Each structure stands twice: as structure tokens, then as C-alpha cells.
Amino acid sequence: MKFYISVTGIKRFTIVSRLQRRRFWRRRCFGGDEGEEFTGGGGRPPIVSPDVEVAGWITIAVSFRCMTWRFFGGSDAALLREELTRALLEATTSNDDEVGIRIVEGSISGPVSFDDLVKDMTLNRQDIKAFAFKTKAMIEKMEQIVKTAKWQESINWHLASHGVPKSLNCLSLQFAEEYAINAVARSRLPRPQYVYRLTDPSFHHVVLLSDNLLAVSVVISSTIKTSSNPEKLVFHVVTDKKTYASMHAWFAINPIDYAVVEVKGLHQYDWPHEVNIAVKEMLEIHHQIWNHKYRSLKKEDFEYGKENDHKLDVLSPSSISLLNHLRIYLPELFPDLNKVVFLDDDVVVQHDLSPLWDLDLNQKVVGAVFDSLCGPDCCPGRKYKDYFNFTDPIIYSNMDQDRCGWLYGMNVFDLKRWRNTNVTAVYHQWLKLSLNSGFALWHPGALPPALLAFESHVHRIDPSWHVAGLGYRYPRADKHVLEAAAVVHFSGPAKPWLEIGSPEREEGFSLQSLLRPCSSVYNSI
């Protein structure tokens, strides 16, 4: 007789032999009257306790022990491990077993938790093989649920990146109103005494194509702040008709010291008829490429993963933005300029860019970064296979899929040399080839056709000039790399001005003093 102490007093129980215990559990789990007393050998069951306090624990012990007997037939530990291992291996490797197929296919109504699995196995008295296959089916179903949830979260995250924050929209409306009612907001840009700088080659000309007032302000302010010669900077901002009033008003009301800013709307250009036709055809083809990719993604059944997450990036609205694609017409936009530095509106300048205007492009049209700071020919996520469809024979026969693509977003353009090449014509030839090939040659975006058009016209510049890849859910650059970069580029969907913006976002993008009036207006509604 053995004793133990509980919170209600001293309890007792009887120790019996191993054979007696086996007989008791066999009868308790598989046969005999539920209330029948076991009298094997010593005449007492292995555990005797009439106390209510321990009745629950006895029930749990009996259920668990019965589950073990029903699963494994009372086998000893070594045999149990051997049988369980064999069943699990068979469940893992089997592809044509009838039991496995039947259980996996029926897993929709099968156990969805471990408790359900235990109940199912104990009630149906199934063997160890069924246990293995049902466990496999349950785990696979749970894994699929997790993957689906993660993929849906990724889709929602990308959709959030496509919206315009209400504060940013309010800011644009506020300055559009200023343009309408305030004569200062409509004053000439630049001031008459600085107009000559717009075409003077001795100045440092910077080009931005954007309809984002806040982003353009940050790019210009960060460029001036880091420049060793800010008085030599001339900014040429090209925007669309709907944004022109607010963009003009912002820089008219808030003039910048030293540097010159020109704001021009697309509606103010007087291009030849053939150029207008070519631009319209270009935009239509890019729309078709985007639509083709969108339809193919809807049909594609791919699982969640970092390698698939980038597939949603191509569906960004910038892929079909006119301003985004007009960079191929820089010589026409600025016929009086010979050398410019082009900046995207989602960059932040951290170091002086002045040396770029003295950079020798070695008879090339564009200077661009190819390699990341991880080393030569190191360009994670930027190889040709990430931009082009190499299952198409046209692409496969003309390009190397492991070749690194150069970066758009911070480039030096020799417009004078560009005018003496056929770069723009080649660009349109590839667009027509894409049209005739069902729009499947490359992913949507401005870069893929530019990689083709500027072939043999690109000069490599040092990787420290331009680090891209910010704004993604899986950052690719460490802190030291970002600090060393002259320009950091939020090329991913999470732009700094969005609520989902990257943790690397610069303080300049918040501009809370500007957005606070708009926030108060919306909060009062």
C-alpha cells in the first residue's frame, strides 16, 4: 500500500504487477462492463480511489491510456517507436496508397486540431497507419491555411501601397486652392532674373517627372541640403495638368534659396504631331502589358513565399503612369539641355551629387549603377530573369538571364549624345514586338524596355551612388550600406509617404507641420 498527500488529505492507492495493469487496461479499453471490478491476482484494480477530487484525473488517465491501446494495440515502447516511424515514413513518401489518398482528400471534414484527432482515433479505433495519414492530412491542411492567410496579407499590403493618403491629397487640394485665390501662388517660376539658368550648361540640371508634391519637395530639399554648390542647382519639375496648379503654388509660395526651380505641366508642351502619336501608342502598349500580367496572375495558383512576393510589385500604378514612362523622351522634353541628372520622386539624397556633372560617361548615353555594394555582378532581385520572360524564344535568344540590370531612379544622361543615337526608336521597336508577341516578353514597368533600348549605351558608375531596394517587406541593404549611399531609393511598394512606409523612411517625408491642417479638417468630418 502506498500513500500520497493531496490538498484534501492523505490518499492511498495499491501497486499491482505489470501483468495485472495490462489486463486491466485491455478490459477497460476493449471489453467488459464499464463498472465491472477487476480482480486479477490481488483482487484490486491498479488504482482505487472513491474520492471525487481525483475522479477527473482518473478519467483523463484512462482516456489517454485507452487511446494508446487503441492506437497501438498495447505494444511495448520499442515496437511502438518502430511501427510509428514506419507509418510516418510511409505517410511522408507514399503517393498512391489508397488509404492515404482517401484520408488526405477527405481532410476538409477531418480533424482540424489535435483534440479532434484524439477523439477521432479513440472513437473509431483506427490503427497506427490511419493515425499517421490523418496527422499528415491535418498538418498539411493547417500549413495551407497559414500560407493562404500570409498570401492574402501580402495582397492587402500591396493594395494599401496603391492608395493616396488623405493627408497627401488634402495637401495638393490646399495648394491648388492657393493657386486660384492667391496671386503670389501664380507668380512666375523661376523669377525673371534666373530664367537664363534654365538652359545654361554651366549649371547642374536636375530632372524630376512626378505628380507627387510631397515627394518632389523632399527630393529637392535633400539635394540642396547635401550639395556643396547649391547655387548651381537648377531643378526641372515636369508634372501633369491636374497637379500643375498645386505644384506651382507650393514652390511659388515657398521659394528656395540659392537653387532655381522650374515647374512645367505636360499641357504646356507643344510637341510635333508624330511625337504625340508615339507617346499615345507607347502608353497604350504599356497598359496592355499590365493587363496581360494581371490576367495571368489571376489564373496562376502559386503559394506564398518571398520569391513570389515580388510578382505583385509589377501591378503598381506606376507601371502604367505616363510620367513614369516619359523618361524615354527626355531629349524632347528638354531640347536645350545637354547633360542632366534624373531623379525619381521616391529617392532621398544623402550626399553631394555635384561630381556627377563632371563624370565622364565614355561616349555612352546614360550612367547607371549595375552592381550592389555586395560585390561585382551582385544584384539580388535585379537579374534579367527577374524582368523578362525567358520562355519566349525572342527573349531567350537575345539575352542572358543571369545578367545584372542597371538601376533606374538616379541616372546621368548625356542628352546631346542621346539625340545622335536611335535609342528611342529601338525602344518603340521593342514595344511593337511586344504587341505582336501577345504582351508576354517582359513584366510591366519602365525598366525592362529601357534595358533593351539602351543596350551598349550604358556606363557603369560606382554602386555607392545609388542604393535601391527600400520599401520592400524584406529589406536587402544593411545600415552601413544605406549610410554610405549618395542616393537611397524606395523602389518597393512601401513608399515613405504611406502609412505602411518602411522603417527606414526619412523624417523629411512626414512634414507634420504641413499635413496637420489637413488632418484636422478630416478629423472634424
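Refer to the preceding data block for the structure.
Residues numbered from 1 in each chain as written. Predicted model: local features only at pLDDT ≥ 70, side-chain atom pairs only at ≥ 80, totals over all residues. Heavy atoms only, no water.

> Explain the sheet that holds strand β4 (residues 233–239) residue by residue, including any values.
The strand order across the open sheet built from seven strands is β5-β4-β3-β6-β9-β8-β10, with neighbouring strands paired in mixed fashion. The sheet terminates laterally at β5 (260–265) and β10 (458–461), the two strands that pair on one side only. Here the strands of the sheet are splayed against their neighbours by 25° on average, with no regard to which way each runs. As paired elements, strand β8 (residues 366–369) and β10 share four bridges and run parallel to each other. Bridged to Val369 within β10 is Ile461. Across the face of the sheet, helix α8 (residues 213–226) comes into contact with β3 (204–209), β4, β5 and β6 (339–343) while running at roughly 170° to β4. Lying over the sheet, helix α9 (residues 241–253) contacts β4 and β5, oriented at roughly 160° with respect to β5. (Pairing = 2+ DSSP bridges. Helix = DSSP H or I, 4+ residues; strand = E, 2+ residues; numbered from the N terminus. Axes fitted to C-alpha atoms, helices over the stretch in contact; angles between N-to-C directions. Contact = heavy atoms within 4.5 Å.)

> Requested: an account of the nonpolar core, with residues and values cited.
Residues Leu330, Phe334, Phe388, Trp406, Phe413, Trp418 and Phe454 are the most contacted members of the largest nonpolar core, which totals 51 residues. Among the secondary structure elements, those contributing two or more residues to this core are β3, α10 (273–299), α13 (330–333), β6, β8, α15 (415–418), α16 (423–436) and α17 (447–453). It is α10 that provides the largest number of residues to this core, a total of six residues. (Core = buried A, V, L, I, M, F, W, Y, C linked by side-chain atoms within 4.5 Å. Buried < 20%, exposed > 50% of the residue type's maximum accessible area, 1.4 Å probe, protein only.)

> Go over the state of the cysteines with me, naming the residues and quoting the values.
Formally, a disulfide is one covalent bond, and it connects the sulfur atom of one cysteine to the sulfur atom of another. For the structure shown, the criterion picks out one disulfide. What pairs with Cys379 in a disulfide is Cys404, and their sulfur atoms sit 2.0 Å apart. Judged by the torsion about the S-S bond (-85°), the Cys379/Cys404 disulfide is left-handed. Of this pair, Cys379 sits in the loop between β8 and α14 (393–398) while Cys404 sits in the loop between α14 and β9 (410–414); the two residues are 25 residues apart in sequence, bridging distant segments of the chain. This pair shows no difference in class: Cys379 is buried, exactly as Cys404 is. (Disulfide = S-S within 2.5 Å.)

> Tell me what's going on with the packing of helix α5 (residues 114–124) against helix α6 (residues 128–161), and back it up with residues and numbers.
Two numbers describe how α5 lies on α6: the axes approach to 11 Å, and their chain directions differ by 155°. Here α5 is positioned roughly antiparallel relative to α6, judged by the angle of their axes. In the crossing of α5 with α6, the sense of the turn from one axis to the other is right-handed. From α5, Phe114, Leu117, Asp120 and Met121 reach across to α6, where they touch Ala130, Phe131, Lys134, Thr135 and Met138. Here the contact of α5 with α6 is built from residues that sort into six nonpolar, one polar and two charged. (Parallel < 35°, antiparallel > 145°, perpendicular 65-115°, else oblique. Left-handed = near helix turned anticlockwise from the far one by under 90°. Nonpolar A, V, L, I, M, F, W, Y, C, P; charged D, E, K, R; others polar.)

> Report on the packing of aromatic side chains, specifying residues and quantitative values.
Summed over all chains, the structure comprises 14 aromatic pairs. Summarising the aromatic geometry, the rings of Trp418 and Phe454 are spaced 5.2 Å apart at their centres and angled 70° between planes, so their arrangement reads as edge-to-face. Placement of Trp418 in helix α15 and of Phe454 in the loop between α17 and β10 is noted, with a sequence separation of 36 residues between them. Grouping residues by exposure puts Trp418 and Phe454 together as buried. Here a set of aromatic residues connected by ring pairs shows up, and it is made of Phe342, Trp406, Tyr408, Phe413, Trp418 and Phe454. One residue, Arg327, lies across the ring of Tyr408, its end atom 4.5 Å from the ring centre. (Phe/Tyr/Trp six-rings, centres within 6.5 Å; stacked < 30°, edge-to-face > 60°. Lys NZ or Arg CZ within 6 Å of the ring centre and 35° of its normal.)

> Tell me about α5, and name the residues and values.
When we look at burial in α5, the residues that qualify are Leu117, Asp120, Met121 and Thr122. A positive backbone phi angle near 50° is found at Arg125, which sits one or two residues after α5.

> Tell me about the packing of α8 against α9, residues and numbers included.
Running from amino to carboxyl end, α8 crosses α9 at an angle of 35°, the nearest separation of the two axes being 10 Å. The two elements α8 and α9 cross, and the hand of that crossing is right-handed. Here Leu213, Val216, Ser217 and Ile220 of α8 come into contact with α9, specifically with Ser246, Met247, Trp250 and Phe251. Here the residues of the contact of α8 with α9 sort into six nonpolar, two polar and no charged.

Any link to function would need more than the numbers given here.
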